[in-house]
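These are the residues of each chain, in order.
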Amino acid sequence: MKVLSAEDVRRTVSMPVAIGAVRAAFLGLAAGEFVLPARQVFGGGAVLVMSAYHSPSRTAVVKKIGIALDQLPAIRATVIWTGGGGQFVADGTSITTLRTGAAVGVATDLLAAPDATRLTLLGTGAQAADQVRAVLAVRRIAHVAVTGRNPDRATSLAATLSAEFPDVTFTPGTSIDDAIATADIVCCATSSSTPLFDAAALPARVHVNAIGAFRPTMRELPRDLLATASTVMVDQREAALEESGEIIDAVGAGVVQELLELGTALASPIPTPTGRTVFKSVGVGCQDWAIANALAQSLAAG
């Protein structure tokens, strides 16, 4: 059985390729092509098991995730692929950050202003860099504010990304309100249990992605943002209502009546977004399948 390292995953699947693969997978999800069993949770959320079966190709992935928020990276995972020419085991941590970023890229391409040039990143953990890579793949971003509680980590991440994208200006900082005040796009990638900002601190037209909070007890977004957003999009309604603290709160309070699923929005044209828009993702198995399928196709091609 082949074993693929994080370096193998990164060398084989670029962010643009990942975005295309994840976009196709969400279209497949909307078309009923996937069987997605409920995520299994053990040890109070310390261990998760996710799986996805793609009926047309008879291929499947299973991912085991270990989570410890006091370590870096906080998420460590392994992915097993079966079908389509055999089996392989791949580093699931790189697949997770890549597919999460790719979903943000797909949603941002749908909801963000076409002329967006300013991105604010909230969070400097393992998911952060791929959030930036994904947005830069779908919009002509000129300036990125890298914002975190630890100024040294913000500075380090900004320097790393600047070397990768020399034509983009990266500014590290610690003030969230300052960083989001002029943003066209905001990416939240933290493990916060309380909202990161007030909706009043945001511009009138802005797209916000939130991918860090993945438990009912976590919440990155304020209720008033969800209440007033013109569009609230999720990766999958069932998963969001089970795992997203901010979505559970907003729906329970009656301030959000409609959750638009990403696959549905891709399959059927949606009105041109206006005002503030939100994409909330907790991650679903078809995203892992998408990256693993891209790896399998590369292996089959030799």
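Structure: see above.
Below, the structure is looked at part by part. (Residues numbered from 1 in each chain as written. Predicted model: local features only at pLDDT ≥ 70, side-chain atom pairs only at ≥ 80, totals over all residues. Heavy atoms only, no water.)

1. Looking at the packing of aromatic side chains
- In total, this model carries three aromatic pairs according to the counting rule given.
- Here phenylalanine 34 and tryptophan 289 contribute two aromatic rings whose centre-to-centre distance is 5.1 Å and whose plane-to-plane angle is 80°, an arrangement assigned as edge-to-face. Of this pair, phenylalanine 34 sits in strand S2 (residues 34-35) while tryptophan 289 is found in helix H11 (residues 285-301), placing the two residues 255 residues apart along the sequence.
- Phenylalanine 34 sits in the buried class, given a relative accessible area of 11%.
- When the centroid spacing of 6.3 Å and the interplanar angle of 40° are considered together, the rings of tryptophan 81 and tryptophan 289 count as tilted. Taken together, the residues span a long stretch of sequence, with tryptophan 81 in strand S6 (residues 75-82) and tryptophan 289 in helix H11 at a distance of 208 residues. Each member of the pair, tryptophan 81 together with tryptophan 289, is buried.
- In textbook terms, an aromatic cluster arises when at least three aromatic residues are bridged by ring pairs, as seen for Phe34, Trp81, Phe88 and Trp289. (Phe/Tyr/Trp six-rings, centres within 6.5 Å; stacked < 30°, edge-to-face > 60°. Helix = DSSP H or I, 4+ residues; strand = E, 2+ residues; numbered from the N terminus. Buried < 20%, exposed > 50% of the residue type's maximum accessible area, 1.4 Å probe, protein only.)

2. Side note on the nonpolar core
- In this structure, Leu119 and Val144 are the most contacted members of the largest nonpolar core, which totals 66 residues.
- Setting aside chain neighbours within four positions, we find leucine 119 in contact with Val132, Val135, Leu136, Ile141, His143, Val144, Ala145, Ile185, Val186 and Cys187.
- Cys188, Ala210, Leu226 and Val232 belong to the second largest nonpolar core, which has 24 residues in total. (Core = buried A, V, L, I, M, F, W, Y, C linked by side-chain atoms within 4.5 Å. Contact = heavy atoms within 4.5 Å.)

3. Side note on helix H5 (residues 151-164)
- Its 14 residues place the ends of H5 20 Å apart at the C-alpha level, agreeing with the 20 Å of an ideal helix rising 1.5 Å per residue.
- Among the residues making up H5, those that are buried are Ala154, Leu157, Ala158 and Leu161. For H5, the angular spread of buried residues about the axis comes to 100°, placing them on one side. Among the exposed residues of H5, those pointing more than 90 degrees away from its buried face are Asp152 and Ala163.
- For H5, the elements touching its buried residues are strand S8 (118-122), helix H4 (128-138), strand S9 (143-147) and strand S10 (169-173).
- Here H5 starts with a cap whose side-chain oxygen sits 2.9 Å from the backbone nitrogen of aspartate 152, and that cap is asparagine 150. (Expected span 1.5 Å × (residues − 1). Arc of directions from axis to C-beta. Polar contact = N/O pair within 3.5 Å; in protein donor to acceptor, adjacent residues only side chain to side chain.)

4. Thoughts on the side chain of aspartate 8
- With respect to the helices, strands and loops of the structure, aspartate 8 is situated in helix H1 (residues 6-12).
- Here aspartate 8 falls in the buried class, since its relative accessible area comes to 19%.
- Those residues in contact with aspartate 8, other than ones at most four positions away along the chain, are Val3 and Leu295.

5. Quick look at a negative patch on the surface
- On the surface, Asp177, Asp178, Asp198 and Asp224 cluster together into a negatively charged patch.
- Inspection of the secondary structure assignment puts aspartate 177 in helix H6 (residues 176-180). (Patch = residues over 30% accessible without salt bridge, like charges linked within 9 Å, V, L, I, M, F, W, Y side chains within 5 Å. Areas by Shrake-Rupley, 256 points an atom, 1.4 Å probe, with all protein chains shown as cover. Salt bridge = Lys/Arg side-chain N within 4 Å of Asp/Glu carboxyl O. Lys, Arg positive; Asp, Glu negative; His and termini not counted. Charge placed at Lys NZ, Arg CZ, Asp CG, Glu CD.)

6. Notes on the pattern of salt bridges
- The full count for this structure, using the stated rule, is twelve salt bridges.
- The partner of glutamate 164 in a salt bridge is arginine 133, with the nearest N and O atoms 2.9 Å apart. With glutamate 164 in helix H5 and arginine 133 in helix H4, this pair connects stretches of sequence that are 31 residues apart.

7. Details of the state of the cysteines
- Tallying each qualifying case throughout the model produces zero disulfides.
- Summary of cysteine pairing: cysteine 188 is not part of a disulfide, and the nearest cysteine sulfur, belonging to cysteine 187, is at 7.6 Å.
- With relative accessibility at 0%, the residue cysteine 188 sits in the buried group.
- Here cysteine 286 is not cross-linked by a disulfide; its sulfur's nearest cysteine counterpart is in cysteine 187, at 19 Å. (Disulfide = S-S within 2.5 Å.)

8. A short note on the packing of helix H3 (residues 92-111) against H11
- The N-to-C vectors of H3 and H11 enclose an angle of 110°; their axes lie 9 Å apart at closest approach. When the axis of H3 is compared with that of H11, the two are roughly perpendicular. In the crossing of H3 with H11, the sense of the turn from one axis to the other is right-handed. Residues Ile95, Thr96, Leu98, Arg99, Thr100 and Ala103 of H3 form the contact with H11, whose participating residues are Gln287, Asp288, Ile291 and Leu295.
- For the contact of H3 with H11, the residue count by class is five nonpolar, three polar and two charged. (Axes fitted to C-alpha atoms, helices over the stretch in contact; angles between N-to-C directions. Parallel < 35°, antiparallel > 145°, perpendicular 65-115°, else oblique. Left-handed = near helix turned anticlockwise from the far one by under 90°. Nonpolar A, V, L, I, M, F, W, Y, C, P; charged D, E, K, R; others polar.)

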